[in-house]
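So the chains spell out like this:
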Amino acid sequence: MKPSTPSVAMHSRSGVLSYFTVFLFLVFALGCGERSADDGSRPILIKFPHVTAPGTPKGQAADRFKQLVDERLAGRVEVEIYPSGQLMSDDDSLDSLAFGEIQMIAVSLSKLDRLTKKFQIFDLPFLFPNLKAVEHFQSGPSSETLLRSMQKQHLLGLAFWHNGMKQFGGPIPMRTPAAAQGLKFRIMESDVLQAQILQIGGNPQKMAFTEVYQALQTGAVDAQENTWSNIYSSKFYEVQKYLTETNHGYLGYLVAVNLDFWDSLPADIRDELTAIITEVTQWANVQSVTINQTGLDKIRQAGSSEIVQLSAEELAGWQTAMRPVWSKFEKNIGVDLIQAAEEASRP
Ligand code: LMR
């Protein structure tokens, strides 16, 4: 057979190219339709990955959000929840949200440290004595500024969801800060948490949530801080001999969306989603207390780790030891914001 002449070869290549162009156009058009348009032909997709188990405060809140959207926006909006870090880590989800590859997240406030220093307020040890104080602060005038503080990174905060107060786990009881000396602590990706562990003589290791169980099991880290619900649902209690009830910090989430996606929604859909998120937030923040209490009860029943309760004097020792962390971050956070949080914490 005669080899093709250059012109035939060019002709067939341009044919392939034009098919390819049409194909690309279709992919692009369908993709855009799926993400931002409400032309009635297919539902708007909200991909919502997170890292905890479905039974946790965040897992239940995310599922409730999906359930209400299914009921009230059937055929117009579809929510896909990916729990337990099965789709991506929290760190990756921040990037994916900014690029619009996913539409919604609920990441720990500590992990926003990469994007803004303002959220460091939530990691200051012993700033908030309980969830009521956090709620009081979050419903005050500062919260609107916080929710809107990452728009340059294409991220809009819609709500705060609680998990609960953090406890320490480790190979020994943590009755005094001296017990932390020399221990390797897994922490979330936050400079305040890093400073907190350094302050008590520990060795902080920033690590993704899904890696913690194995790190504790193999001895890559000795200790960790988390809520009862996370310690229970991720089985950290199986690989931690002692769990000390310190309530030294708050673990909560920012529910956030990609800003361009949010702005592109038809107004009635955006309003309905806002109403659903408000309803879910109220429900979830009540649930979180029970879920953490159940986690603690189940850890107790399992009997594989000892729960250590502190006396008022021991607790005061922890508060004094960790307090210098505040002044290290005062400049980043702003004295006004810290004062507003302290105000909100007064009984
Ligand atoms: C952690 O990494 O310990 C938490 O952020 C996990 C979570 O989402 O509650």
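Q: Quick one: what's the story with the site of the ligand, residue by residue and with numbers?
A: The full set close to the ligand counts 13 residues, and Lys58, Ser108, Lys111, Arg186 and Tyr253 are the nearest of them. With respect to the ligand, the side chain of Lys58 contributes an N or O atom lying 2.6 Å from an oxygen atom. One nitrogen or oxygen atom from the side chain of Tyr253 is found 2.5 Å from an oxygen atom belonging to the ligand. Applying the majority rule of atoms within 2 Å of the grid points places the ligand in the largest cavity. The residue inventory of the shell around the ligand, partitioned by class, reads five nonpolar, five polar and three charged.

Q: Account for the layout of surface pockets, naming residues and giving values.
A: Of the voids in this model, the largest pocket is the one considered here, and its volume is about 510 Å³. For the largest pocket, the lining is made up of 24 residues, of which Gln138, Ala159, Phe160, Thr281 and Asn285 are closest to its centre. Taken together, the elements giving at least two residues each to the lining of the largest pocket come down to helix H4 (131-138), helix H5 (142-147), strand E4 (155-165) and helix H10 (267-302). Ranked by residue count, the leading element in the lining of the largest pocket is H10, at eight residues. Grouping the amino acids of the lining of the largest pocket by side-chain chemistry returns ten nonpolar, ten polar and four charged. Empty space within the second largest pocket amounts to approximately 240 Å³. Elements with a contribution of two residues or more to the lining of the second largest pocket: E4 and H10. With five residues, the top contributor of residues to the lining of the second largest pocket is H10.

Q: I'd like a description of the side chain of Gln138, backed by residues and values.
A: Structurally, Gln138 can be placed in helix H4. Under the relative-accessibility criterion, Gln138 is labelled buried at 9%.

Q: Describe the nonpolar core, listing the residues and the values that go with them.
A: Grouped together as the largest cluster of nonpolar side chains are 46 residues, with contacts concentrated most on Phe65, Trp161 and Leu273. It is H10 that contributes the most residues to this core, six residues altogether. The contacts of Phe65, once residues within four sequence positions are left out, are Ile46, Phe48, Val79, Met104, Leu273, Ile276, Ile277 and Val280. Met88, Leu109, Tyr250 and Ile338 belong to the second largest nonpolar core, which has 37 residues in total.

Q: Before we move on, can you summarise the pattern of salt bridges with the specific residues and values?
A: Under the definition given, this model contains 13 salt bridges. Salt-bridge contacts for Lys166 lead to Glu225; the nearest nitrogen and oxygen are separated by 3.1 Å. With Lys166 in the loop between E4 and strand E5 (167-170) and Glu225 in strand E8 (residues 223-226), this residue pair connects regions lying 59 residues apart in the sequence. For the pair shown, Lys166 and Glu225 are each scored as buried. With a shortest N-O distance of 3.1 Å, Arg175 and Glu314 are connected by a salt bridge. Here Arg175 is found in the loop between E5 and strand E6 (184-187), whereas its partner Glu314 is found in helix H11 (residues 312-322), with 139 residues between them in sequence. For Arg175, a relative accessible area of 35% translates into the label partly exposed. Beyond isolated ion pairs, a larger network of salt bridges with shared partners links Asp91, Asp95 and Arg114.

What counts as what
- Residues numbered from 1 in each chain as written.
- Predicted model: local features only at pLDDT ≥ 70, side-chain atom pairs only at ≥ 80, totals over all residues.
- Heavy atoms only, no water.
- Near = heavy atom within 4 Å.
- Polar contact = N/O pair within 3.5 Å; in protein donor to acceptor, adjacent residues only side chain to side chain.
- 1 Å grid on protein atoms, 1.4 Å probe; cavity = no way out; pocket = protein on both sides within 12 Å on 5 of 7 lines; lining within 4 Å.
- Sits in = over half its atoms within 2 Å of the grid points.
- Nonpolar A, V, L, I, M, F, W, Y, C, P; charged D, E, K, R; others polar.
- Points joined across faces, edges and corners; volume = space filled by probe spheres on them.
- Helix = DSSP H or I, 4+ residues; strand = E, 2+ residues; numbered from the N terminus.
- Buried < 20%, exposed > 50% of the residue type's maximum accessible area, 1.4 Å probe, protein only.
- Core = buried A, V, L, I, M, F, W, Y, C linked by side-chain atoms within 4.5 Å.
- Contact = heavy atoms within 4.5 Å.
- Salt bridge = Lys/Arg side-chain N within 4 Å of Asp/Glu carboxyl O.

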